[in-house]
Amino acid sequence: MNIEKVSTQTTYTVELVNATVSVVVDDDFETGNVDVIVIDENYRMLSELDVIDGERVIDIKKAVCDVHFGDAL
């Protein structure tokens, strides 16, 4: 049996207290590259330095990566 992953992108929806963001994880297992992009409700790409609804974007990225790669507690 041959199973091949077609898409390397996975999109997560993160519901904060007063906002919702989308987090796209694009992982390429062959090269080891991982891109994580956070997009707000207005389809604006957020920087790691941004804060939305009291949460730092870098912390949101880390939480989603923990879930995506199986490191969540």
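In this report, the structure presented in the accompanying data block is examined. Treat the numbers as computed from the prediction; the structure is a model and nothing was measured.

Here we look at the pairing of strand β1 (residues 9–15)
Right, on to step 1. By the bridge criterion, 7 bridges tie β1 to strand β2 (residues 20–28) in an arrangement that is antiparallel. Bridge assignment links Thr 10 to a residue of β2, and that residue is Val 25.
Right, on to step 2. Between β1 and the antiparallel strand that follows it, β2, lie 4 residues.

Details of the sheet that holds strand β4 (residues 45–46)
Right, on to step 1. Across the sheet, 4 strands lie side by side as β1-β2-β3-β4; this open sheet has antiparallel pairing. Of all strands in the sheet, those bounded by a partner on one side alone are β1 and β4.
Right, on to step 2. Direction of pairing for β2 relative to strand β3 (residues 33–39): antiparallel, over a ladder of 7 bridges. Bridged to Asp 28 within β3 is Asn 33.

Re helix α1 (residues 57–68)
Right, on to step 1. With 12 residues, α1 extends 16 Å between its outermost C-alpha atoms, agreeing within 8% with the 16 Å of an ideal straight helix rising 1.5 Å per residue.
Right, on to step 2. Among the residues of α1, Val 57, Ile 60, Lys 61, Val 64, Cys 65 and His 68 are the ones counted as buried. Along the long axis of α1, the arc covered by the buried residues comes to 130°, so they all point the same way.
Right, on to step 3. Among the structural elements, β1, β2, β3, β4, β5 (51–52) and β6 (55–56) are those in contact with the buried residues of α1.
Right, on to step 4. Once α1 finishes, Gly 70 follows within two positions and takes phi at roughly 85°, a positive value.

Re the nonpolar core
Right, on to step 1. By size, the foremost hydrophobic cluster in this structure holds 14 residues, and its most contacted members are Val 14, Val 21, Val 23, Ile 52 and Ile 60.
Right, on to step 2. Elements supplying a minimum of two residues to this core: β2, β3 and α1.
Right, on to step 3. No other element matches α1, which puts 4 residues into this core.
Right, on to step 4. With residues near it in sequence (within four places) discarded, Ile 60 still touches Val 14, Leu 16, Val 21, Val 23, Ile 52 and Glu 55.

Let's talk about unusual backbone geometry
Right, on to step 1. At Tyr 43, a position not held by glycine, the phi torsion is positive, near 60°.
Right, on to step 2. Mapping Tyr 43 onto the fold places it in the loop between β3 and β4.
Right, on to step 3. A positive phi angle is found at Asp 53, which is not glycine, with a value near 55°.
Right, on to step 4. Residue placement: Asp 53 occurs in the loop between β5 and β6.

Rules used throughout
Residues numbered from 1 in each chain as written. Predicted model: local features only at pLDDT ≥ 70, side-chain atom pairs only at ≥ 80, totals over all residues. Heavy atoms only, no water. Pairing = 2+ DSSP bridges. Helix = DSSP H or I, 4+ residues; strand = E, 2+ residues; numbered from the N terminus. Expected span 1.5 Å × (residues − 1). Buried < 20%, exposed > 50% of the residue type's maximum accessible area, 1.4 Å probe, protein only. Arc of directions from axis to C-beta. Contact = heavy atoms within 4.5 Å. Core = buried A, V, L, I, M, F, W, Y, C linked by side-chain atoms within 4.5 Å.

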